[in-house]
Amino acid sequence: MRIFVTGATGFIGSQIVGNLLARGDQVLGLARSDATAAALTERGAAVWRGDLADAESVAAAARESDGVIHTAFEHDFSKYLEAGEQEQRVIEALTGALAGTGKPMVTASGTGVAPPGGDERDAATIDGFTQVRGLPDRQAVAAADEGVRSSVIRLPPSVHDVERQGLVSMMIERAREAGFSAYVGDGSNRWPAVHRRDAARLFVLALDRAQPGARLHAVGEEGVQLRVIAEAIGAGLGLPVRSLSQEEAGPHFGFLAMLIGVDTPAKSAITRETMGWTPTEPGLLEGLRTGGYLPVLAPG
């Protein structure tokens, strides 16, 4: 198949592209710079020059493809609301391009749009902060009503590998800057996590077999306590570990303070059963303790 991939040189998208190419698919990757275009060409993928700001160009690429995997998202937290609005325009354009074709459209979302402890049956919440990813999540699911074999894959706060660990990377960097690793309160709140390679495999499975309107959870671990994460960071960097109050969390964590104390476990049993997906890669704590995540980032 010829698959159009947005975010094709990103952390998750690049792994997906590799998986698609390895099995013989053709990849058309969205590239907004000469550097990303060159990276795609070097891997054997075709290039579609453009960016998410030009939704019509993105739609044109989708029309020339047998399916779409949409992982790109503008992660500029100073313009987070604007990024959500742009995401809605992109999904609307992709849906219009694929309407009535029955072609697959797999869209990245986040587990945070589901209620804490929720599963794949839960529609995305659209209250306050969650609407940024929640509205596009609902929009992508509803594309099934337009004759698109659409699905959403909800990613946890920590999609991890040696290169990067999602929001946990921000915890690591803040610990290095402050000289101590921190969590909020008693640190019993949990974040789900998944290894990058496991997540990428699920995107390809969804491309092949997800039912129209499916919600899937790329969750390898349902909930890892933030205190335990902070302790692993502290041990790896040789730094003390502290509990912060909610009032102290804001100045210390900045934007991350909105999320650092939230308990957001997520289930993935339905995804595992319906997609035949079994995470096999190391867990987050194993990566932090013995997987090389921290020595790469620690000061020399």
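Placed above this text is the structure.
Scoring rules and cut-offs
- Residues numbered from 1 in each chain as written.
- Predicted model: local features only at pLDDT ≥ 70, side-chain atom pairs only at ≥ 80, totals over all residues.
- Heavy atoms only, no water.
- Pairing = 2+ DSSP bridges.
- Helix = DSSP H or I, 4+ residues; strand = E, 2+ residues; numbered from the N terminus.
- Axes fitted to C-alpha atoms, helices over the stretch in contact; angles between N-to-C directions.
- Contact = heavy atoms within 4.5 Å.
- Buried < 20%, exposed > 50% of the residue type's maximum accessible area, 1.4 Å probe, protein only.
- Left-handed = near helix turned anticlockwise from the far one by under 90°.
- Nonpolar A, V, L, I, M, F, W, Y, C, P; charged D, E, K, R; others polar.
- Parallel < 35°, antiparallel > 145°, perpendicular 65-115°, else oblique.

Engineer: Just checking my understanding: could you explain the sheet that holds strand 11 (residues 221-225) for this structure?
Structural biologist: Strand pairing in a sheet takes place through backbone hydrogen bonds and is either antiparallel or parallel in direction. Overall, mixed pairing links the 3 strands, which are arranged 7-9-11 in an open sheet. The sheet is open, and its two edges are formed by strand 7 (158-160) and strand 11, each paired on a single side. Each neighbouring strand pair of the sheet contributes to a mean axis angle of 40 degrees, computed without reference to strand direction. Lying over the sheet, helix 7 (residues 196-209) contacts strand 7 and strand 9 (190-195), oriented at roughly 75 degrees with respect to strand 9. The sheet contacts of helix 8 (residues 226-237) involve strand 9 and strand 11, and relative to strand 11 the element is tilted by about 65 degrees.

Engineer: Where do I start with the pairing of strand 8 (residues 181-184) in this structure?
Structural biologist: When a strand is regular, its side chains alternate between the sheet's two faces. Burial along strand 8 is two-sided: the residues Ser181 and Tyr183 and Ala182 and Val184 are all buried. Strand direction decides the pairing type here: strand 8 and strand 12 (residues 241-244), joined by 4 bridges, are parallel. Counterpart to Ala182 in the pairing with strand 12 is Arg242.

Engineer: Please explain the packing of helix 3 (residues 55-63) against helix 4 (residues 80-98) as it appears in this structure.
Structural biologist: For any two helices packed against each other, the geometry comes down to the angle between their axes and how far apart the axes lie. Between helix 3 and helix 4, the least distance of the axes is 8 Å, while the angle of their chain directions is 35 degrees. Crossing handedness for the pair helix 3 and helix 4: right-handed. For the pair helix 3 and helix 4, contact is made by Ala55, Val58, Ala59, Ala62 and Arg63 and by Arg89, Val90, Ala93, Leu94, Ala97 and Leu98, respectively. Residues that form the contact of helix 3 with helix 4 fall into these classes: 9 nonpolar, no polar and 2 charged.

Engineer: What is the right way to look at the sheet that holds strand 6 (residues 149-155) in this model?
Structural biologist: Here we have 7 strands laid out as an open sheet, ordered 3-2-1-4-5-6-10, and parallel in their pairing. Each of the sheet's edge strands pairs with one partner strand only, and the pair in question is strand 3 (46-49) and strand 10 (214-217). Here the average twist between neighbouring strands, direction ignored, is 20 degrees. Summarising the sheet, strand 1 (residues 2-6) and strand 4 (residues 67-70) pair through 4 bridges and their orientation is parallel. The residue of strand 4 that forms the bridge with Thr6 is His70. Its contacts with the sheet place helix 3 against strand 1, strand 2 (26-31), strand 3 and strand 4, and it is angled at close to 150 degrees to strand 3. Against the sheet, helix 7 makes contact with strand 1, strand 4, strand 5 (104-110), strand 6 and strand 10, and its axis sits at roughly 165 degrees relative to strand 6, the strand it touches most.

Engineer: I would appreciate a short explanation of the packing of helix 6 (residues 167-178) against helix 8 in the present structure.
Structural biologist: Where helix 6 meets helix 8, the closest approach of the two axes is 10 Å, and the angle between their N-to-C directions is 50 degrees. By the angle between their axes, helix 6 is oblique relative to helix 8. Here helix 6 runs over helix 8; the crossing is right-handed. Contacts between helix 6 and helix 8 involve Val168, Met171, Ile172, Ala175 and Arg176 on the former and, on the latter, Leu226, Ile229, Ala230, Ile233 and Leu237. Among the residues forming the contact of helix 6 with helix 8, the class breakdown is 9 nonpolar, no polar and 1 charged.

In short, shape yes, function no, at least from these values alone.
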